Amino acid sequence: MKAVLQEPSGQMLSLHEPEIGEPERKAVLDCLDSGWVSSVGKYVDKFEALVAEAFQVKRAVAVSNGTVALQTCLTLSGVRPQDEVLVPALTFVATANAVIHAGGVPHFLDSEPSTLGIDVKKLGEHFRSIAKKSPDGWLNRKTGRRFGAIVAVHCFGHPCDLDGLSDFSRSTGLPLIEDAAEALGSLYQRKPVGGVGLVSCVSFNGNKTITTGGGGAILSNDENLATLAKYLTTTAKRPHRWEFFHDQVGYNFRMPNLNAALGCAQMEGLADRLNRKRDLAKAYQLAFSGSDFFDFFDEAAGSKSNYWLNAIKLKDRSRELRDYLLDSSIDFGYGVRPLWCLMHKLPMFADMPRSDLACAEDQEDRIINLPSSPQLINRLPGGEIRK
Ligand SMILES: Cc1ncc(COP(=O)(O)O)c(C=O)c1O
């Protein structure tokens, strides 16, 4: 286990390392020299425009991390205190945490094996079995609480079934939010994810495809919602040249200009980084093709994954073999890791409502993430792989 603690510059092959070069240094120094290091500045505006362009949405609002971006999305979608929010059990803890931060209660759903996203068929069956309509919206018959929204997660950057989830959202009236924290550059039916939901979030944490150190953004095609997002995340200050008047309790979720400067430089390298990540995924796919023990976790038909994290899946379910492989890979210096512990198994969420979670539990025993930094492509034999 010692190896896992090594720094990215050491022998350990990290799961996902940032790539910082001269453009990043130049932009950050320029920002430092300008004196505008904090919550406003030209880099914040530029970064928001670049992010909106990458996701092909009307507006992006830069914030301090993906978790607060999702919390804000939930509030903007009208989630009220004690509302149940439908989320997959198979996700990073931030998805469920954000629901609690927004005052809601996570209600866990099962995933399907081809994308690891919410299983829409199972969702429909589960919802029909527990939901009843009231003048105030859909209620959970068992808990009496209202359903507030549904959050789709694009796991490891693989787009989930957005058509199915949009249909569910339309037929129930529950707003669809996309947690696209991991999915910058992923396409669903040729269009970037993040623009289908009413509002979406993305993360620019250090382990993501591009980073601002820490950071995130709220995405929307609705100008009014985006303006409200900016206002709520910047202390709910009424715009004025010199007056400081705040007309509700807002949040200081702003992304500092310094982080945005780093982000602008990173965005310049996005296309190249996505190409190299694809090449790396192809190399893994080739390496594991024909294996008796593993399947490479590939993108679904009709989707283009950003392969944020590559993954392999044990053909036969075995927690023991998974754990043995994790231990021995780490001993050899490979920064592999298992799927996140499923949300309903975490102590703070153990009593939360949920559907049957058989598929998520099955995946948990099979999946192993592999080192996925784009710069790894240069470390393969010969420095190149077949395209
Ligand atoms: C699925 C998912 N949602 C939300 C987040 C939260 O993003 P952040 O770490 O920037 O708060 C992450 C981050 O890693 C994530 O993977």
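Now for a quick tour of the structure. (Residues numbered from 1 in each chain as written. Predicted model: local features only at pLDDT ≥ 70, side-chain atom pairs only at ≥ 80, totals over all residues. Heavy atoms only, no water.)

Some thoughts on the environment of His158
- Looking at the secondary structure, you find His158 in the loop between strand E6 (147-153) and helix H6 (162-172).
- Taking C-alpha positions, His158 is 29 Å from Thr227, a pair spaced 69 residues apart along the chain.
- Other than its neighbours up to four places away in sequence, His158 contacts Thr115, Phe297, Asp298, Glu299, Ser305 and Tyr307. (Helix = DSSP H or I, 4+ residues; strand = E, 2+ residues; numbered from the N terminus. Contact = heavy atoms within 4.5 Å.)

Notes on the site of the ligand
- The environment of the ligand is formed by 14 residues, the closest being Thr67, Asp179, Glu182, Ser203 and Lys208.
- Thr67 has a polar side-chain atom sitting 2.5 Å from an oxygen atom of the ligand.
- Considered on its own, the ligand offers 390 Å² of accessible surface; in the complex 92% of this is hidden by protein. (Near = heavy atom within 4 Å. Polar contact = N/O pair within 3.5 Å; in protein donor to acceptor, adjacent residues only side chain to side chain. Areas by Shrake-Rupley, 256 points an atom, 1.4 Å probe, with all protein chains shown as cover.)

Comments concerning the pairing of strand E3 (residues 105-109)
- Most of E3 is tucked away, with five of its five residues classed as buried.
- Neither face of E3 is left uncovered, since the one carrying Val105, His107 and Leu109 and the one carrying Pro106 and Phe108 both have all their residues buried.
- Viewed along the sheet, the connection from strand E2 (residues 84-88) through helix H4 (residues 93-101) into E3 turns out right-handed. (Buried < 20%, exposed > 50% of the residue type's maximum accessible area, 1.4 Å probe, protein only. Right-handed = clockwise from strand over helix to strand, strands pointing away.)

As for the side chain of Ser220
- Relative to the helices and strands, Ser220 resides in strand E11 (residues 216-220).
- Given the relative accessible area of 2%, Ser220 is considered buried.
- There is a polar contact of 3.0 Å between the side chain of Ser220 and the backbone nitrogen of Asp222.
- Setting aside chain neighbours within four positions, we find Ser220 in contact with Val57, Lys58, Arg59, Leu198, Val199 and Leu225.

Some words on the sheet that holds strand E8 (residues 187-188)
- Across the sheet, which stays open at both edges, the three strands sit in the order E9-E8-E13 with antiparallel pairing between neighbours. Looking at which strands have only one partner, the edges of the open sheet turn out to be strand E9 (191-192) and strand E13 (303-304).
- Relative to E13, E8 runs antiparallel, the two being bridged by two bridges. Among the inter-strand pairings, Leu187 is bridged to a residue of E13, identified as Lys304. (Pairing = 2+ DSSP bridges.)

Brief notes about the side chain of Arg322
- Relative to the assigned elements, Arg322 resides in helix H10 (residues 319-331).
- Residue Arg322 is classed as buried on the basis of its relative accessible area of 6%.
- With residues up to four places along the chain from it excluded, the contact list for Arg322 reads Leu314, Pro338, Glu364, Asp365, Ile367 and Ile368.

Some points on the packing of aromatic side chains
- Tallying each qualifying case throughout the model produces 11 aromatic pairs.
- Plain terms: the ring middles of Phe108 and Phe349 are 5.9 Å apart, the flat faces sit at 65° to each other, and that makes the pair edge-to-face. Linking Phe108 in strand E3 with Phe349 in the loop between strand E15 (337-338) and helix H11 (358-364), this pair joins segments that are 241 residues apart in sequence.
- A network of ring pairs unites the aromatic residues Phe127, Trp138, Phe147 and Phe168 as a single cluster.
- Over the aromatic face of Phe244 sits the side chain of Lys237, whose NZ or CZ is 4.9 Å from the ring centroid. (Phe/Tyr/Trp six-rings, centres within 6.5 Å; stacked < 30°, edge-to-face > 60°. Lys NZ or Arg CZ within 6 Å of the ring centre and 35° of its normal.)

A closer look at the pairing of strand E10 (residues 199-203)
- By the criterion of burial, E10 is predominantly enclosed, with five of the five residues buried.
- Neither face of E10 is open: one carries Val199, Cys201 and Ser203, the other Ser200 and Val202, and all of them are buried.
- As judged from the four bridges shared by E10 and E11, these two strands associate in the antiparallel manner. If you follow Ser200 over to E11, its bridge partner there is Leu219.

Some points on the pattern of salt bridges
- On inspection of all chains with the given rule, the structure shows 24 salt bridges.
- With its nearest N and O atoms 2.9 Å apart, the salt bridge here joins Glu19 to Arg276. Linking Glu19 in the segment before helix H1 (22-34) with Arg276 in helix H9 (residues 270-288), this pair joins segments that are 257 residues apart in sequence.
- A salt bridge links Arg80 to Asp136; its shortest N-O distance comes to 2.9 Å. On the criterion of sequence distance, the pair formed by Arg80 in the loop between helix H3 (66-76) and E2 and Asp136 in the loop between strand E4 (131-134) and strand E5 (137-140) is long-range, its members being 56 residues apart. (Salt bridge = Lys/Arg side-chain N within 4 Å of Asp/Glu carboxyl O.)

Considering H3
- Of all 11 residues in H3, nine are buried, a share of seventy percent or more.
- Within H3, the full set of buried residues consists of Gly66, Val68, Ala69, Leu70, Gln71, Thr72, Cys73, Leu74 and Leu76.
- Among the residues of H3, the N-terminal cap falls to Asn65, whose side-chain oxygen and the backbone nitrogen of Thr67 are separated by 3.0 Å.
- Looking one or two places after H3, you find Gly78, whose phi comes out positive at around 95°.

Here's the deal with the state of the cysteines
- In this structure the tally under the stated criterion is zero disulfides.
- No disulfide involves Cys73; its sulfur sits 5.3 Å from the nearest other cysteine sulfur, which is in Cys201.
- On the basis of relative accessibility, which here comes to 0%, the residue Cys73 falls in the buried class. (Disulfide = S-S within 2.5 Å.)

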